[in-house]
Amino acid sequence: MIKQEVEIINKLGLHARASTKLTQVAAQFSSQIWIERNARRVNAKSIMGVMMLAAGKGSKITFEVEGQDEEPAMAALLNLVNDRFGEGE
Amino acid sequence: MHGVGVSAGIAIGRAHLVSHALLEVAHYDVRPELLDFEVNRFEQAVTTVREELSSIRQSLPNNAPAEMGAFVDTHLMILSDGSLSQMPKSIIREESCNAEWALKQQMDTLVEQFEAIEDVYLRERKFDVVQVVERVIKALLGHPNQAALAEQESGMILVAHDLSPADAIQFKQHQFAAFITDVGGATSHTAILARSLNIPSIVALSHARNLIQDGEMIIVDGQQGVVIVGPDKDTLAEYKLRQEQWEIDQQKLKRIKQTAAVTLDGAAIELHANIEIPQDIVQTKAAGATGIGLYRTEFLFMNRRDWPDEDEQFEAYRKVAHAMKGLPVTIRTLDIGADKQVNPDSERTVTNPALGLRAIRLCLAEPQMFHAHLRAILRASNYGKVKILIPMLCNLAELKQALQAIERAKQSLKDDNIGFDAKVPVGGMIEIPAAALGAELFARHLDFLSIGTNDLIQYTLAIDRTDGEVAHLYNPLHPAVLQLVEMTIRAANKAKKEISVCGEMAGDVRLTRMLLGFGLRQFSMHPAHILAVKRQVLNTELSKIESLVRKILASNEPEKTELLLSKLNA
């Protein structure tokens, strides 16, 4: 199991579109993926959970990945967040 | 019926009602032996909706905005989410209830969770959940979503409770003459879609869907925000005429977009735009505005619990300054308090917010926030022709404090080696009668003045703008208001300082000539009014209106003022 904290840096935060992308990426891997923020833990493969995290710009979330493909899964998730979900700002 | 007109124009046609399935959800018990059947029915409905959404996704035209596709993706994912596609099945079994009711209950639970979210944007996503659920319920009830569109007839007026982005995409491919909805605002999907299609639209009609019958003849006047249901022959004829005139007029107006605003006797007039968010630039440019006369900064500060930081503000201001390519951009410092509250659940309640801690008063009371605000504006001045406008000035001491705050912000930027326009002009809003009476003094200490007529009228006549009971007393033509406006313009002109009017009066073509007669040469208004005002300017000869304008100023009787005004505009 690997854990990693990351800061949301895109302007709009984990809004609907970013949540969609995150859920889509998470769904590509067989590992169990959880996101934790302020003691709230949700399944990254459930868009409803991700949206309800309400992670705005500047908030920190922790990915918890467990499974066969946990390494590439974590890399893909971090990449997505750090790439501002491809939104450019 | 009255609503909020979000896209101008007039449409006449038959109503096409989009059903609001959620209202029709019934609750009934299902016998134990039929529960499997009920679960199966639910699964099929989900599958049907998934197919519907996928087919919408695929049929998106190439030129559709990227957001449209993303919205449909989000809806597809919400649909597939266990909390919507699985949970209701357990509810059906546990409560032996029908599928619709199970889904409705699950939706209510989800919506409740969304409502607990602090972030406004994310909280609004509950509507996405509702829209997806609505589709499933329609499928369950056997109202397929497309069937409604089978018999298409151009000229139909769409009447809905609300439009989801997916609905909007579907409807885009059909020729509706207008959209009207029960809920929504100027930035709702309905409004954006209507403007992109250039058809009239009215939102926030509250009960349109219940009061209008399918197939009924209705008239939609997007400019006035009025819907007329079942018009008689005369009304219909009148609106047909108005519709034709409006269309001819729009074509004519477009032709003067590039024309310089000059009166018949050669006086050049500046016509600027009032904007609220950087995206308003598009409309501003389309209207051929020669600058931004009022950039309201408060929208960045509203509906949130914290202040936006300096960088976030700078980014918004820079965008506008840059986009206007050297044309003036007048940024008004924060004007909140009164009818525009920052924090929606602020504890502080005052009996008279319009007379309370607002605008410059609030800024001077929050020096740190004001400092960051001013730094952000000054930094943006490096990217275009920025001017700073201070709202709600009431006395000289306030003005001096504000000027000192600007100096401090400048000094701190110098210390940090950050560039800005050292000569950025600073002006003041004249909207308190005391300031209008002291306009001469303010003009001496400032680079320009701008009259905010909405507040000036409210304060002069003691009419609360937000109180419907006294709304009829709100009168821009009240002699006292006219005198204060004229007096301010005269004082600024005498001091050789720029003066503009940026309230509603500036965008009212009935008043254009009168204001020109008062000596006004700069108007700032909603971009939608610019071309009409420009046409009035082009048709005005200053030397010919002078004596009538003087008579209006001297008139003490409303009827006489109205008469003189009609004469002036003839």
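Whatever comes next refers back to the structure up there.
Residues numbered from 1 in each chain as written. Chains lettered and ligands numbered in written order. Predicted model: local features only at pLDDT ≥ 70, side-chain atom pairs only at ≥ 80, totals over all residues. Heavy atoms only, no water.

**Q** Provide a residue-level description of the state of the cysteines, including the pertinent values.
**A** Under the counting rule described, the total for this entry stands at zero disulfides over all chains. Of the cysteine sulfurs around C502(B), a residue in no disulfide, the closest is that of C363(B), at 16 Å. (Disulfide = S-S within 2.5 Å.)

**Q** Mind laying out the side chain of T62(A), listing which residues take part and the relevant values?
**A** Position of T62(A) relative to the elements: it lies in strand β4 (residues 60-66). What T62(A) contacts, discounting residues up to four positions off in sequence, is K3(A), Q4(A), E5(A), W34(A), I35(A) and E36(A). (Helix = DSSP H or I, 4+ residues; strand = E, 2+ residues; numbered from the N terminus. Contact = heavy atoms within 4.5 Å.)

**Q** Please provide a residue-by-residue account of the interface of chain A and chain B, values included.
**A** By convention, interface size is frequently given as the accessible area that disappears when the constituent parts associate. On the side of chain B, 19 residues touch chain A, which itself brings 17 residues to the contact. Across the interface of chain A and chain B, roughly 1600 Å² is buried in total on both sides, 72% from carbon and sulfur atoms. The interface formed by chain A and chain B includes zero salt bridges. The interface formed by chain A and chain B includes four residue pairs in polar contact (both at pLDDT 80 or more). For the side of chain A that touches chain B, the secondary-structure elements that each account for two or more residues are α1 (16-27) and α2 (47-52) of chain A. Ranked by residues supplied to the side of chain A that touches chain B, first place goes to α1(A) with five residues. (Buried area = accessible area lost by both parts, 1.4 Å probe. Salt bridge = Lys/Arg side-chain N within 4 Å of Asp/Glu carboxyl O. Polar contact = N/O pair within 3.5 Å; in protein donor to acceptor, adjacent residues only side chain to side chain.)

**Q** Let's hear about unusual backbone geometry: which residues, and what values?
**A** In this structure, N38(A) is a non-glycine residue whose phi angle is positive, near 45 degrees. Mapped onto the elements, N38(A) comes out in the loop between β2 (32-37) and β3 (40-43).

**Q** Lay out the nonpolar core in plain terms, naming residues and giving numbers.
**A** Residues and elements named next belong to chain B. By size, the foremost hydrophobic cluster in this structure holds 95 residues, and its most contacted members are Y295, Y317, L449, M514, F518 and F523. In contact with F518, not counting residues within four places along its chain, are L482, V485, E486, I489, V549 and L553. In this structure, L35, V46, L53 and I56 belong to the second largest nonpolar core, which totals 41 residues. (Core = buried A, V, L, I, M, F, W, Y, C linked by side-chain atoms within 4.5 Å. Buried < 20%, exposed > 50% of the residue type's maximum accessible area, 1.4 Å probe, protein only.)

**Q** How would you summarise empty space enclosed by the protein if you had to cite specific residues and measurements?
**A** Residue and element names in this part refer to chain B. One pass over the full model with this rule turns up one cavity of 30 Å³ or more. What the largest cavity holds in volume is close to 50 Å³. Listing elements by their share of the lining of the largest cavity, those giving two or more residues are β13 (448-451) and β14 (498-501). Grouping the amino acids of the lining of the largest cavity by side-chain chemistry returns three nonpolar, five polar and two charged. (1 Å grid on protein atoms, 1.4 Å probe; cavity = no way out; pocket = protein on both sides within 12 Å on 5 of 7 lines; lining within 4 Å. Points joined across faces, edges and corners; volume = space filled by probe spheres on them. Nonpolar A, V, L, I, M, F, W, Y, C, P; charged D, E, K, R; others polar.)

Function cannot be inferred from these measures alone, as they are strictly geometric.
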